[in-house]
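# Structure at a glance
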Amino acid sequence: MSKRYVQRSPFSRKKFVIDALIDVDLEIAPKCMTALVGESGCGKSTLASCLVMLERPDRGGIWFEGNEVSRCDAAELAVLRPRLQMVFQDSAGALNPRFTAGQIVAEPLEIQGGESAKNLRSRAGELMEEVGLSADWIDRRPLEFSGGQRQRLAIARAIALKPAFLVLDESLSGLDLSTQAQILNLLLDLKTVHSLTYLLISHDLSLVGQIAEFVAVMHQGRIVEQGTRQEIFGQPQHAHTRDLLNSCRVMESAFHTAGGRS
Amino acid sequence: MMPRPKIVAALIFLLSLHLAILFAGFVAPQDPAVQNRDFPFVPPTRVHFVDAGGHMRLRPFIYQWVARADGVYEYQESREREYPLRLFVPGPRYRIAGLFASHTHLFGVDAPAQIFVAGTDNYGRDQFSRILFGGQISLAAGLLATATSLFFGLSIGCAAGFYGKWIDESAMRLAELFLVLPWLYVLLAVRSCLPLHLSPAQTFLLLVAVIGTIGWARPARLVRGVVLSAKNRKYVLASRGYGASDSHLLRRHVLPHTYGILLTQAAVLVPQYVIAEVTLSFFGLGLGEPMPSWGNLLASLQQYHVLVSYWWMFTPAIALILVTIGYLGVANAFHQQLQSDSI
Amino acid sequence: MKYLERRVIHAVLLLVGVSVLCFLFSDLAPGSFFDEMKLNPQISAETVAALRSQYGLDQPLPVRYGRWVKSAVRGDWGYSLAYHSPVRSLLLVRARNTLLLTALATLLAWLIAIPVGVWIASRSGKWEDRLTLAGTSVLLSVPELVVTLGLLYWVVRTHVLPAGGMISVGFDELGLWGKFRDLAAHLAIPVGVLVLAGLPVLLRHVRASMVEVLKSPFMQAARGHGIGRFRLLFRYALPAAANPLISLLGLSVAGLLSGSLLVEVIMGWPGLGPLLLEASVSRDIYVVVGAVMASTFFMILGSFLADVMLVVIDPRVRVE
């Protein structure tokens, strides 16, 4: 079953016309990690926003589990939303500094409604434990956590509604390597436990090369190439893909030449 | 987040002022409406610690003012009898906030002497008592008008910042219009189209409504700015992703950001609006006799002979200054707290 | 030039908006002037009816507004029964007097605020700075009403300056220098009060703006070049700090006008203030409307002048 099929279109804003996404046609395989790569400004975040229905495409549609999500009305949307979630970039900005950790993690449940305050609190504690944070920290505020811990909070919040599909928007950027590894392991564990489908948005090709099963390359609003990891990294077809891979290798070799650690 | 000592000190000062005014009946030694036709324009009673014989007394005392045989409004102290100053003295009956009735006053002297802390006016009414009772009116007007302005400012600013587009455009144009008008001119103009002779209660409400409604523009702009920046934060976006309704977003994420602004604006607006009421009453367009208001208490200074000879008629100004200092101190302290919080 | 064009249109729109408000207000005011005139037994009912139709009071609203605007543009601003004269002549004289007062006060306030503000900004944190800030706090705490009454009291007791009015009796007989001195003596207290009222806010803004600029990298670079202090402050820092201050100029005119009303009434300065007050009490609607329009016009003019100055001083604005 193909989980998604996106065909996209130009996106116009009032005075300035920005074609954020042009004829995007993307298939995302279920229960796999698909990576979306490209340079800054190529439209990755816009695509992500559309996928979790924070924005609507001007043309084309998004299909999820057989439903056309982009043409749903509010009621159907409310039902489908919990299944499609996103972990945002910049955990400090994505978490309300005045909320406690427990409030942050439980907020999606609170919005969906129907739970008592006690239940919310215990659910928040469970979620925190699941992502590797101690439930004792439930009353701490985001600024009291480290970057990696905040990212865990963001992940805990994202899985609160038991989604099927999770977009990870640069979730591993800005973290030091050991923390990255820990978060990565967490994500892979969660993927197995909850049968999640991931879309990882990243500009870090070496990371993508290690973990992604499928890769799509974006350039200036278009998807220029997509395929399995082996296909993209082994036999890049498009000129841009080759450029990306080359720059990645150049960086690595320069690093080596300079005598840096690998 | 402990409030800084500055805020606490400023708030205590302000609170004591307000308490004194709220309990005006208790603090004031006289009934403000009682006229002593025998004692018009009496200067403030002097409090003595040393008696005629040169002895020091522990308890301060006063002498009765007595009209001089020669001058019209000249008084001198009658050294016949000393009246010691007492605390918790029985006196005229009064009601606190229309609920409690009592007749104990904070301080006073035995009959038939009367203590005039701030002198009397041309009807022989005790200025000090009138200042305290007048404060109830002037302060209440300021507070209620501030509440009105902030209510409108919050609603319009939130709507403009949150929903944007044409609501924002039209609200901000309207705000510019209101900001460009000189408020006192507008106040007088609006006042002029309303009936001149209203009951005191009606006048009061009218005053509050007019003053409060004109001043919504600045708070609205500030609130809008805060709402705009809050609206664009990532966590608001994230909440939308979880299906949050507008009211949830407003309530949980956006409104808490406005509290700081609202408090600071309140501290700035209250003294301004008190001064507005005082100005209007001073010109005779606000509250008139016999209701005391700091404005109409000061109005007698417009007469030459009062201005020149009876300096104690200036005392309501002291009350006004104290209130202004109190609120501005709180506003400053809030502002500093806000700035250090947002770092 | 696009920026200025936009500001002109903006100013005109504001004026139109205010005029609509004023017109509506004068039109819909309950208990209008003519009702009171009807009560006056000396004026016959026919006269009232004739006056009403002359002022076109029996026409639909937009028509009345149109006629009002037309007559205003032609220079006919209504009639004041209280003063027995056309509003226009009253307004012009009074507006001139208010303008004299407020323009002088604005000029003086800025002339003091800029050098002092710049100087204490350069001494940020030291005793001069703290003293000045304390002084402005004191000034802010004393309402204008109290300051005016206090100064009036002082003047009446000491007879140093005239206690009100604009000119003395026998003004016309004085020579040019005498006239100037007399006017200046009468202006001293009103202008003084307005300056004292406006100075604290101005001073704080100048200081704040300058402190911001003084911290910036380009100032550090200039200091590194060894440029003299005076030059640094006034030729380098001040123009950079001027931007928000000029916007403040536009807004400060508003507060100044409201403040001038009070001073004019208490000191007996024959400006728009006392006129409006009396008209307000006697329900002289056309005078009220005229005074409000005049004061608003001044405010919009002040704000527009600030926009012009901004364009002249800040090159970035022109590029937009």
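Residues numbered from 1 in each chain as written. Chains lettered and ligands numbered in written order. Predicted model: local features only at pLDDT ≥ 70, side-chain atom pairs only at ≥ 80, totals over all residues.

### So, the overall build of chain B
- Along chain B, the regular secondary structure elements total twelve helices and five strands.
- When the backbone C-alpha atoms are referred to their principal axes, chain B occupies close to 85 × 50 × 35 Å.
- Counting contacts in chain B only where the partners sit at least 6 residues apart, residues at least 24 apart contribute 69% of the total. (Helix = DSSP H or I, 4+ residues; strand = E, 2+ residues; numbered from the N terminus. Contact = placed C-beta atoms within 7 Å.)

### A closer look at the pairing of strand 3 (residues 75-84) of chain B
Residues and elements named next belong to chain B.
- Counting buried positions along strand 3 gives zero out of ten residues, so the element sits mostly on the surface.
- In this sheet, strand 3 lies alongside strand 2 (residues 56-67) in antiparallel orientation, the contact comprising six bridges. Its bridge partner lying in strand 3, isoleucine 62 is registered against tyrosine 83. (Buried ≥ 20, exposed ≤ 12 C-beta atoms within 10 Å, placed from the backbone. Pairing = 2+ DSSP bridges.)

### With respect to the interface of chain B and chain C
- Listed as interface residues are 30 residues of chain B and, on the opposing side, 37 residues of chain C.
- When residues of the side of chain B that touches chain C are traced back to their parent elements, those giving at least two are helix 4 (165-180), helix 5 (183-192), helix 9 (246-282), helix 11 (304-309) and helix 12 (315-342) of chain B.
- It is helix 5 of chain B that provides the largest number of residues to the side of chain B that touches chain C, a total of eight residues.
- Residue composition of the side of chain B that touches chain C, by class: 25 nonpolar, three polar and two charged. (Nonpolar A, V, L, I, M, F, W, Y, C, P; charged D, E, K, R; others polar.)

### A word on the arrangement of the chains
- A comparison of contact numbers over the two pairs of chains in contact places chains B and C at the top.
- Left apart from each other, chain A and chain C have a closest C-alpha approach of 15 Å.

### Quick notes on the interface of chain B and chain A
- Counting from both sides, the interface comprises 14 residues of chain B and, opposite them, 18 residues of chain A.
- When residues of the side of chain B that touches chain A are traced back to their parent elements, those giving at least two are helix 8 (234-241) and helix 9 of chain B.
- The residue makeup of the side of chain B that touches chain A, split by class, is six nonpolar, five polar and three charged.

### Observations concerning the confidence of the model for chain C
All names here are of chain C.
- Mean pLDDT for chain C: 80, with 90% of residues reaching 70 or above.
- Helix 2 (residues 33-39) is the least confidently modelled element of chain C, averaging 61 in pLDDT, while helix 7 (residues 144-158) averages 89, the highest of any element.
- As scored by the predictor, the complex reaches a pTM of 0.81 and an ipTM of 0.84. (pLDDT = per-residue confidence, 0-100.)

### A short note on the packing of helix 5 (residues 87-122) of chain C against helix 10 (residues 229-267) of chain C
Residues and elements named next belong to chain C.
- One way to put it is that helix 5 packs onto helix 10 with a least axis distance of 9 Å and a crossing angle of 140°. Crossing handedness for the pair helix 5 and helix 10: right-handed. Touching Thr98, Leu101, Thr102, Ala105, Thr106, Val118 and Ser122 of helix 5 are Leu233, Phe234, Leu238, Leu256, Leu257, Ser260 and Glu264, all from helix 10.
- Its residues placed into classes, the contact of helix 5 with helix 10 shows eight nonpolar, five polar and one charged. (Axes fitted to C-alpha atoms, helices over the stretch in contact; angles between N-to-C directions. Left-handed = near helix turned anticlockwise from the far one by under 90°.)

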